[in-house]
Amino acid sequence: MTFTQSDTSSTVRTSNWKLHYEEAGSGHPVILLHGSGPGATGWSNFSGNIEALARHFHVYAVDMPGWGESDAATVDRLDHVDAALQFMDALGIEKAAFVGNSMGGATSMRFATEHPDRISHLVTMGPPTPGPTLFAAGDGPSEGLKVLIEAYRNPTPETMGKLIDIMVYDKQFATPELLAARSDAALARPEHLENYLAGLPNGAPIPKWVRLEDLPKLDVPTLLIHGRDDRVVSYEHSLMLLALIPNSRLVVLNHCGHWAMIEHPDEFNRLVTDFIANN
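What you see is a predicted model, and the numbers here were worked out from it, not measured in a lab.

Undergrad: Before we move on, can you summarise the pattern of salt bridges with the specific residues and values?
TA: Tallying each qualifying case throughout the model produces 10 salt bridges. Where E213 meets R211, a salt bridge forms, and the shortest distance between an N and an O atom there is 3.3 Å. We classify R211 as partly exposed; its relative accessible area is 44%. Linking D214 and K217 is a salt bridge whose minimum nitrogen-to-oxygen distance equals 3.3 Å. K217 gets classed as exposed once you look at its relative accessible area, which sits at 63%. Where salt bridges share partners, they join D79, R110, E114 and K208 into one cluster.

Undergrad: I'd love a proper account of the pairing of strand β4 (residues 58-62), names of residues and values included.
TA: In terms of burial, β4 is a largely internal element, five of the five residues being buried. Of the two faces of β4, both are covered, the one formed by H58, Y60 and V62 as well as the one formed by V59 and A61. As defined by bridge partners, strand β2 (residues 18-24) adjoins β4 across four bridges and the pair is classed as antiparallel. If you follow E22 over to β4, its bridge partner there is A61. Two strands pair when backbone bridges link them, and strand β3 (residues 29-33) and β4 are joined in this way by five bridges, in the parallel orientation. In the sheet register, V30 faces β4, and the bridge partner there is V59.

Undergrad: Summarise the packing of aromatic side chains; cite the residues concerned and give the values.
TA: Following the criterion strictly, the structure yields six aromatic pairs and no others. Arranged with centres 6.4 Å apart and planes meeting at 90 degrees, the rings of W67 and Y196 form a pair that is edge-to-face. With W67 in the loop between β4 and α4 (80-91) and Y196 in helix α9 (residues 190-199), this residue pair connects regions lying 129 residues apart in the sequence. Judged by relative accessible area, which is 4%, W67 ranks as buried. Put simply, the rings of Y21, Y60 and F87 pair up and form one aromatic cluster.

Undergrad: Please provide a residue-by-residue account of the sheet that holds β2, values included.
TA: If you trace the eight strands from one edge of the open sheet to the other, you get β1-β2-β4-β3-β5-β6-β7-β8, paired in mixed fashion. In this open sheet, the two edge strands, each paired with only one partner strand, are β1 (9-13) and β8 (248-253). Sheet twist, expressed as the average angle between the axes of neighbouring strands with direction ignored, equals 25 degrees. Pairing between β1 and β2: five bridges, direction antiparallel. Following the sheet pairing, S9 is matched in β2 by E22. Sheet strands touched by helix α10 (residues 236-244): β7 (222-227) and β8. Its angle to β8, the strand with the most contacts, is close to 160 degrees.

Parameters at a glance
Residues numbered from 1 in each chain as written. Predicted model: local features only at pLDDT ≥ 70, side-chain atom pairs only at ≥ 80, totals over all residues. Heavy atoms only, no water. Salt bridge = Lys/Arg side-chain N within 4 Å of Asp/Glu carboxyl O. Buried < 20%, exposed > 50% of the residue type's maximum accessible area, 1.4 Å probe, protein only. Helix = DSSP H or I, 4+ residues; strand = E, 2+ residues; numbered from the N terminus. Pairing = 2+ DSSP bridges. Phe/Tyr/Trp six-rings, centres within 6.5 Å; stacked < 30°, edge-to-face > 60°. Axes fitted to C-alpha atoms, helices over the stretch in contact; angles between N-to-C directions. Contact = heavy atoms within 4.5 Å.

Note that all results are geometric; they support no functional claim without further evidence.
Here it is, written out as structure tokens:
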């Protein structure tokens, strides 16, 4: 079958949040965490992966606080690790594999260091890391993040076109339908846009980072996936993670930007399925 969002959409009330999520499949739990772009949701990031992964696992793609149909969050409340833990507790999930893109990858890494008994596998795609980098621009955010911030300020289809162009290697993904959908999704929750921009001076969207000194202590099986052509978060971040996380391996994809799961869905689905099933 082919899933639609109406087939998978659900909500749950945790101790602090109303969280919207997509759910499909059965078996070992796999939690998919989206990135930080305007209009990003569990569905928009992972609609090309949920059905394939749900053939093997019990899949949850969550809209984190401050995004999608979940509750709004000001920067002082923005703790996605705690929100993920509350989500698991509310649904009775004892342990899950975490699969995170960009901001979602940063959340998954910190979750692994703070709650190692609740995570079975760690998979990241283009996660940023704290601290200095060798090859990033010296004038602040990366080229891609500057466009992303502009899209929060002015989430028109035209600005979304610039954002998607810089997110992906293949420009065919920037269809008029996708640009309109992302613009509509962002404008549907203006409080998300306002909170993101207001929180930037105080560290939004990641006010609390993983401690790099904690990563060598991890023993969770870790798969790092990164696009060679990522202009938002350079693949040097994943090279550093490969050196720090003992039980890790790295797949670098040519002709791939920041959205490996969208640009190369079939390969991504095979990699993640095999990794979780056989580690």
